[in-house]
Each structure stands twice: as C-alpha cells, then as structure tokens.
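# Observations on chain architecture
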Amino acid sequence: MNTLQINNLSKTYPNGVKALNRINLKITNGMFGLLGANGAGKSSLMRTIASLQEPSSGSITFNDSDIVKNPEHIRKHLGYLPQEFGVYPKISAEKLLNHLAVLKGILDKKERKEQVTALLQQVNLYQHRKKSVYTFSGGMRQRFGIAQALLANPQVIIVDEPTAGLDPEESNRFLNLLSEIGENVIVILSTHIVEDVKNLCPRMAILSDGEIISQGNPTELVASLEGKVWTKIIPKKDIEIYKKAFDVISTKLISGDTQIRVLSNSKPEEGFSLITPNLEDFYFATLFNNQQKKA
Ligand SMILES: Nc1ncnc2c1ncn2[C@@H]1O[C@H](COP(=O)(O)OP(=O)(O)OP(=O)(O)O)[C@@H](O)[C@H]1O
C-alpha cells in the first residue's frame, strides 16, 4: 500500500498570495478526487506534491520518505499530467513518448519500445502513433498525456483538471481510462467538475481558498444531506428574495424559470419538495456553509 501523508501544508507565493493553508490529507491507493473552484489552490497542491515547488511550511511524506528533503524518491515514482502540457514538438507521438521514456530513465531500448507500444495501445492511440501530437484533438492529447504519465510504472499519478475542455464523449473515454489504471497505485484527480469525482473516486476532498473544507467518501458525504435539500421552481426575478429568506445553495435556469435548491431541516415553505441529494448538492452546500462560517 502506498501512502501520501500531508501535514499542515501551507504555500504562500512570493507575491503574497496564500494558495494553501494548513492542508492535512492522507491519501492511499485508489482514486482520490480533489474538487475545488478555479483558484481554490488545486494546482498549487498538485505541483507541491509533485515536488515541482517547495511548501512554505508543513510536510509531505510518500511512503515515509520526506518529499521536500528527498524529492528524487517521489519523482522516481510519479506520473504527472499537468494542466498545461506546454508546446508539443512536431515529431510523431511514438517518437515523443520514446523520448519522454528516456527522460524517465527507461534506458534499455527493447524495454522502452515495449512500454511505448503497450501504452499507446492502452490509451487507444496506437493507430495514430505516426502523427504528431501537435495535430491531435484535445481528447487525444489528454490520452497521450496519460500515456506519458504512466511511463515507468508510477506509484503516484497526478492528473490536474484533465477533462477541462473535452467534449462529453472524450471526457468519458478519458475517465474510463483513468479508472482502469488500477487500484494498486495512488491516482489524484484534481477537477472543478463534480461529475468526474462522483462515479470514480472512493475518496475525495473539497478545497476552497486554500483550505480543505470537507473530505471523505462521496456516497457517505452525500448521505449526510439526506432529508435536508429542498427544491422549488420560482420566477427568475424572485431569486434575491429567496436568497435572503432561505439558505439557497444553488440556482439553475430551467426554460426561463429558476430552480433553486435550499438547505433546511424542515420544509421551508409551501411549494418546496424534498429531493434526494447528489454530490453537486453536497459540494454547493459545503461551499455555502463555509462561506456562512467565514461571514
Ligand atoms: N506561481 C504563482 N505565483 C503567484 N500566485 C500564484 C501562482 N500560482 C498560483 N497562484 C495563485 O494561487 C491561487 C491558487 O491558484 P491555483 O492555480 O493553485 O488554483 P486552482 O485551484 O488550480 O485553479 P485553476 O483551476 O484556475 O487552475 C490563485 O489565487 C492563483 O492566482
């Protein structure tokens, strides 16, 4: 079993932005979903775990080895798909993956060839291996990205907002691929898309303003809202009135009218109906409660 242990981790950038504030997390094998809005600090946390930047304080250990003191240890076992992969050189996907394999330390030519071929097949790009990644669609690029992250059998795989910008079909294909990677490694999926976490991750955390505001098993977290989420269709113009009167956690436009979702232990007023909460409700309710606490 692999274990990433994050203790009291904080990161303040030189410009004074406090991107991470006393993060505590224990992550073991399997898929871990890190959910948060833009700017919540997800990439900062991913980059710090990947040892691409040092924390300001706190510690991260990977299988009891301190990654700040000994970054080589995690780097050897890490596969990382960053949010921005940068510019792709105009060489074939196969050549590029082969080159990246050399950088990952797979020096034996035969072994490298075998891994490159197997990975291109696994991510369903083998038939496109002679094409330049430059010409790939967004989904194909992300699948190439996961292939390079899987080089040299990593024990920790970090994927930072991998489905942003993908159409639903490509996104689905990518997530299925991720879930196949196996239960024997740590996979950290950072995303602002609740759906991505719902079906894939047995453990998750919500990050907001650099702080973990909730963590646990998605099904159990959602169950904690059972009997507390109410919905009503209201005229769009009344939104502010309802927001003042009730704990409105989300609003959705439905053919010109607005569906609001409200957090309440009992029926808020006539016209509200109780609904079975989903992970999106839990996410919004957690952000809402956190804001209330801070206000
Ligand atoms: N290198 C940096 N220097 C200064 N500030 C930074 C740096 N990187 C990120 N930040 C700031 O830190 C905060 C967290 O950013 P981060 O990119 O970690 O969030 P995120 O959750 O990944 O958001 P996004 O989904 O938009 O990438 C933001 O306020 C951001 O502007």
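Residues numbered from 1 in each chain as written. Predicted model: local features only at pLDDT ≥ 70, side-chain atom pairs only at ≥ 80, totals over all residues.

Looking at an unreviewed UniProt entry, the protein carries the name ABC transporter ATP-binding protein, with the source organism given as Pontimicrobium aquaticum. Per UniProt, the protein carries the Sequence similarities (unreviewed entry) text "Belongs to the ABC transporter superfamily." (UniProt positions renumbered as here; feature names shortened; annotations may be inferred.)

## A look at unusual backbone geometry
Of note in the backbone geometry, asparagine 153 takes a positive phi value of approximately 45° without being a glycine. Residue asparagine 153 is classed as exposed on the basis of its C-beta count, with 12 C-beta atoms lying within 10 Å. With a phi close to 45°, aspartate 209 is a non-glycine residue in the positive phi region. Locating aspartate 209 in the fold gives a position in the loop between strand S9 (203–208) and strand S10 (211–216). (Buried ≥ 20, exposed ≤ 12 C-beta atoms within 10 Å, placed from the backbone. Helix = DSSP H or I, 4+ residues; strand = E, 2+ residues; numbered from the N terminus.)

## Quick notes on the packing of helix H3 (residues 93–103) against helix H4 (residues 109–122)
Between H3 and H4, the least distance of the axes is 10 Å, while the angle of their chain directions is 125°. Here H4 runs oblique to H3, going by the angle between their axes. As for how H3 packs across H4, the hand of that crossing is right-handed. Residues Ala93, Glu94, Leu97, Asn98 and Ala101 of H3 pack against Arg112, Gln115, Val116, Leu119 and Leu120 of H4. For the contact of H3 with H4, the residue count by class is 6 nonpolar, 2 polar and 2 charged. (Axes fitted to C-alpha atoms, helices over the stretch in contact; angles between N-to-C directions. Parallel < 35°, antiparallel > 145°, perpendicular 65-115°, else oblique. Left-handed = near helix turned anticlockwise from the far one by under 90°. Contact = placed C-beta atoms within 7 Å. Nonpolar A, V, L, I, M, F, W, Y, C, P; charged D, E, K, R; others polar.)

## What about the site of the ligand?
Lining the immediate surroundings of the ligand are 15 residues, of which Tyr13, Asn38, Lys42, Ser43 and Ser44 lie closest. Take the shell around the ligand: its biggest share by element is 3 residues, from helix H1 (residues 42–49). When grouped by side-chain class, the residues that make up the shell around the ligand number 4 nonpolar, 9 polar and 2 charged. (Near = placed C-beta within 6 Å.)

## With respect to the sheet that holds strand S13 (residues 257–263)
The sheet built from 4 strands is open, its strands ordered S12-S13-S11-S14 with antiparallel pairing. Of all the strands in the sheet, just strand S12 (248–254) and strand S14 (273–274) have a single pairing partner and so form its edges. Bridge count between strand S11 (residues 229–234) and S13: 6 bridges; the pairing is antiparallel. Across the sheet, the residue bridging to lysine 232 is isoleucine 260, located in S13. (Pairing = 2+ DSSP bridges.)

## Examining the environment of alanine 19
Position of alanine 19 among the secondary structure elements: in strand S2 (residues 18–28). In the structure, alanine 19 is positioned 190 residues away from aspartate 209 in sequence and 7.0 Å away in space, judged by C-alpha atoms. With sequence-adjacent residues up to four places away left out, alanine 19 is seen in contact with Lys11, Tyr13, Gly41, Ser44 and Gly210.

## What about the pairing of S13?
Successive side chains on a regular strand alternate, one facing one side of the sheet and the next facing the other. Pairing between S12 and S13: 6 bridges, direction antiparallel. Bridging across to S13, valine 248 finds its partner in valine 262. As consecutive antiparallel partners, S12 and S13 are separated by 2 residues, and within that stretch serine 255 has a phi angle of approximately 35°, a positive value.

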